[in-house]
Amino acid sequence: MAKILATISKLNTETAYEFKQRCCTELRDVADCSDSAGFMAIGRFAMTSDGLLEVTCLWGLAYPELPAETCYIAGYCRAECRLKYLKSGDKP
């Protein structure tokens, strides 16, 4: 089960690019603090209406569209690396 490490919501004053920059910065900061947590990987996710984390690369700065206005950064294990949707633990 993936563990949500951070939740970032787009501010009304931010452009999509600024929001993505903030998500990237937060991802780096969270990854730096999570070295010893035992995760196989840490990534950016959108949340589905079913409460699952959707594995997507669309948060990257090269993509013009936002997959959602809330970005979830989560750590996950090796067994989850090939899944398209991840179940998550409690939100921070």
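Predicted model only: the values in this text are computed from it and were never measured.

### Some details on the overall build of the protein chain
A tally of regular secondary structure across the protein chain gives 1 helix and 5 strands. Relative to the 2.2 N^0.38 estimate, which gives 12 Å for 92 residues, the radius of gyration of the protein chain is 13 Å and therefore close to what a compact globule would have. Taken along its principal axes, the extent of the C-alpha atoms in the protein chain is 35 × 30 × 25 Å. A buried classification covers 32% of the 92 residues belonging to the protein chain. Long-range contacts, defined as pairs at least 24 residues apart, comprise 71% of the intrachain contacts of the protein chain with a sequence gap of at least 6. Total accessible area computed for the protein chain in this model is approximately 5,800 Å², and 50% of it derives from carbon and sulfur atoms. Positive and negative side-chain charges in the protein chain, numbering 11 and 12 respectively, have mean positions lying 5 Å apart.

### Description of the side chain of K20
Relative to the helices and strands, K20 resides in helix α1 (residues 16-33). The side chain of K20 sits in the buried core without any salt bridge; E65 is the nearest counter-charge, 7.9 Å away. Other than its neighbours up to four places away in sequence, K20 contacts L58, W59, G60, L61, Y63, P64, E65 and L66.

### What to know about the environment of N12
In this structure, N12 sits in the loop between β1 (3-9) and α1. Residue N12 is classed as exposed on the basis of its relative accessible area of 83%. With 38 residues separating them in the primary sequence, N12 and D50 have C-alpha atoms 26 Å apart.

### Here we look at the packing of aromatic side chains
What the rule picks out here adds up to 1 aromatic pair. Judged by centre distance (5.7 Å) and plane angle (80 degrees), the rings of F45 and Y76 are edge-to-face. Of this pair, F45 sits in strand β2 (residues 41-47) while Y76 sits in strand β4 (residues 70-76); the two residues are 31 residues apart in sequence, bridging distant segments of the chain. Accessibility assignment for this pair places F45 and Y76 in one class, buried.

### Let's talk about the nonpolar core
Counting residues in hydrophobic clusters, the biggest one holds 10 residues: A6, I8, F19, C23, L27, V30, A46, W59, C71 and I73. The set of elements that each furnish at least two residues to this core consists of β1, α1 and β4. Residue contributions to this core peak at 4 residues, all from α1. Ignoring sequence-local partners within four residues, the contact set of L27 consists of I42, G43, R44 and I73. In terms of nonpolar packing, the next biggest core, distinct from the first, is built from 8 residues, A2, F45, L53 and L86 among them.

About the cut-offs
- For every chain, the first residue of the written sequence is number 1, and numbering continues from 1 onward in sequence order.
- Reporting in this predicted model follows two pLDDT cut-offs: at least 70 for local features of residues, and 80 or more for side-chain atom pairs to be given and counted; totals over whole chains, interfaces and linings ignore these cut-offs and use all residues.
- Side-chain measures here rest on the full set of heavy atoms in the structure, leaving out hydrogens and waters.
- Counting from the N terminus, the helices are DSSP H or I runs at least four residues long and the strands are E runs at least two residues long.
- For this measure, only C-alpha atoms enter the radius of gyration; the expected value for a globule follows 2.2 Å times N^0.38, where N is the number of residues.
- Residue exposure (1.4 Å probe, protein chains only): buried if accessible area is under 20% of the type maximum, exposed if over 50%, otherwise partly exposed.
- Residues are treated as being in contact if the distance between any of their heavy atoms lies within 4.5 Å.
- All accessible areas in this document rest on Shrake-Rupley with a 1.4 Å probe, and a residue is counted as covered only by the protein chains that are shown.
- Charge assignment in this entry is limited to Lys and Arg as positive and Asp and Glu as negative, and neither His nor the chain termini are counted.
- The location of each charge is read from NZ of Lys, CZ of Arg, CG of Asp or CD of Glu.
- Counted as salt bridges are all cases of a side-chain nitrogen of Lys or Arg within 4 Å of a carboxyl oxygen of Asp or Glu.
- Planes of paired rings set the category: under 30 degrees apart is stacked, over 60 is edge-to-face and the rest tilted, where pairs are Phe, Tyr or Trp rings (Trp by its six-membered ring) whose centres lie within 6.5 Å.
- The definition of a nonpolar core used throughout is a set of buried Ala, Val, Leu, Ile, Met, Phe, Trp, Tyr and Cys residues joined through side-chain atoms within 4.5 Å.

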